[in-house]
Every structure is written in C-alpha cells, then in structure tokens.
Amino acid sequence: QVQLVESGGGLVQPGGSLRLSCAGSGIAFNNYPIAWYRRTPEKQSELVALITSGALTNYSDSVQGRFAISRDNAKNTVYLQMNSLKPEDTAVYYCKNLRNHPWEIEYWGQGTQVTVSS
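Residues numbered from 1 in each chain as written. Predicted model: local features only at pLDDT ≥ 70, side-chain atom pairs only at ≥ 80, totals over all residues. Heavy atoms only, no water.

What follows is about the nonpolar core. In this structure, Trp36, Leu80, Met82 and Tyr93 are the most contacted members of the largest nonpolar core, which totals 26 residues. Put simply, the parts of the chain that give this core at least two residues each are strand S3 (18-25), strand S4 (34-39), strand S5 (45-51), strand S7 (67-72), strand S8 (77-82), strand S9 (91-97) and strand S10 (112-116). (Core = buried A, V, L, I, M, F, W, Y, C linked by side-chain atoms within 4.5 Å. Buried < 20%, exposed > 50% of the residue type's maximum accessible area, 1.4 Å probe, protein only. Helix = DSSP H or I, 4+ residues; strand = E, 2+ residues; numbered from the N terminus.)

Listed below in structure tokens is the structure:
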C-alpha cells in the first residue's frame, strides 16, 4: 500500500518556524521528484517547492528565501523547513510524488495544517 504521510504542522506565531515532513512508503520514493503544495482557507492552491531525485530544488516566488526543501533518502522522507512564517502561509500543506513517466501514478498525502497567527 502506497502512503505519503505529512507531519509537523501546527500553530506558530508570525516570524516563527516549522519543519514539515513527508514520509513515503510502498513506492520507490527516492526515485521521484517530490513536491509540496498548499491549499489556503480561500481554497487557493499553490506549488510551494519541489525537489528532484538528484536533490535539485525549486521554489515559488512567495516562499523563496524563507523555505527550504530537502530529502533524506535513508529515511524515505522529504522535509520542508519553513522560516519567517507569515499569516499568508496559513494553509493545509500536502506532499506528492511527481511521475517520471506517463504511466506512473502520483499520490497525495493527507495534508498537515499550518496556522500562522498571533
């Protein structure tokens, strides 16, 4: 059974930090690019960051310089370090594997809530 499980969300004050984790099982997790998405309370979805199997990274303009994505292949886990958090970062954060080939399946985790508020 394929599972992508996010964790690490919570309530944090503006300017604070959180580290999200995405743990994969049931697939060759380390062979896939992994992306973090978020869905705001206003139902806006955004690709926040991604990391390739070779650890190349890319970020949305809204988080560039504040967030850092990384992966630990020994643990089949991708992390999203979020610093200098703002209220507009409030969202449910999801991770997903990105297919390398058209026949592969992409899986979503269940999401983890991040709330930035004083």
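The next subject is the sheet that holds S3. Sheet architecture is open: four strands sit in the order S1-S3-S8-S7, paired in antiparallel fashion. Pairing within the sheet leaves two strands with one partner each, and these edge strands are strand S1 (3-7) and S7. Strand-to-strand, the axes of this sheet are offset by a mean angle of 15°, without reference to chain direction. The pairing of S3 with S8 spans six bridges and is classified as antiparallel. Looking at the pairing, Ser21 lines up with Tyr79 of S8. (Pairing = 2+ DSSP bridges. Axes fitted to C-alpha atoms, helices over the stretch in contact; angles between N-to-C directions.)

So, on to the pairing of S5. Two strands pair when backbone bridges link them, and S4 and S5 are joined in this way by six bridges, in the antiparallel orientation. The partner of Trp36 across the bridge, within S5, is Ala49. Linkage of S4 to S5, two consecutive antiparallel strands, is achieved through a turn of five residues, within which Lys43 is found at a positive phi near 70°. Here S5 runs beside strand S6 (residues 57-59); their pairing, made up of three bridges, is antiparallel.

We now examine the environment of Tyr94. Turning to its location among the elements, Tyr94 is positioned in strand S9. Spatially, the C-alpha atoms of Tyr94 and Cys22 are 8.4 Å apart, while their sequence positions differ by 72 residues. Excluding residues within four positions of it along the chain, Tyr94 makes contact with Glu6, Ala35, Trp36, Tyr37, Arg39, Trp108, Gly109, Gln110 and Gly111. (Contact = heavy atoms within 4.5 Å.)

With that settled, consider the side chain of Arg38. Here Arg38 is to be found in strand S4. Looking at Arg38, its side chain comes within polar contact range of the side chain of Glu46, at 2.9 Å. Of the polar contacts made by the side chain of Arg38, one reaches the side chain of Asp89; its length is 2.9 Å. Setting aside anything within four residues of it in sequence, one finds Arg38 in contact with Gln44, Ser45, Glu46, Val48, Ser62, Val63, Phe67, Glu88, Asp89, Ala91, Val92 and Tyr93. (Polar contact = N/O pair within 3.5 Å; in protein donor to acceptor, adjacent residues only side chain to side chain.)

Attention now goes to the pairing of S1. Only one face of S1 is buried: it carries Leu4 and Glu6, and the other face, with Gln3, Val5 and Ser7, is open. When S1 meets S3, the two strands line up antiparallel, connected through five bridges. What sits directly across from Gln3, in S3, is Ser25.

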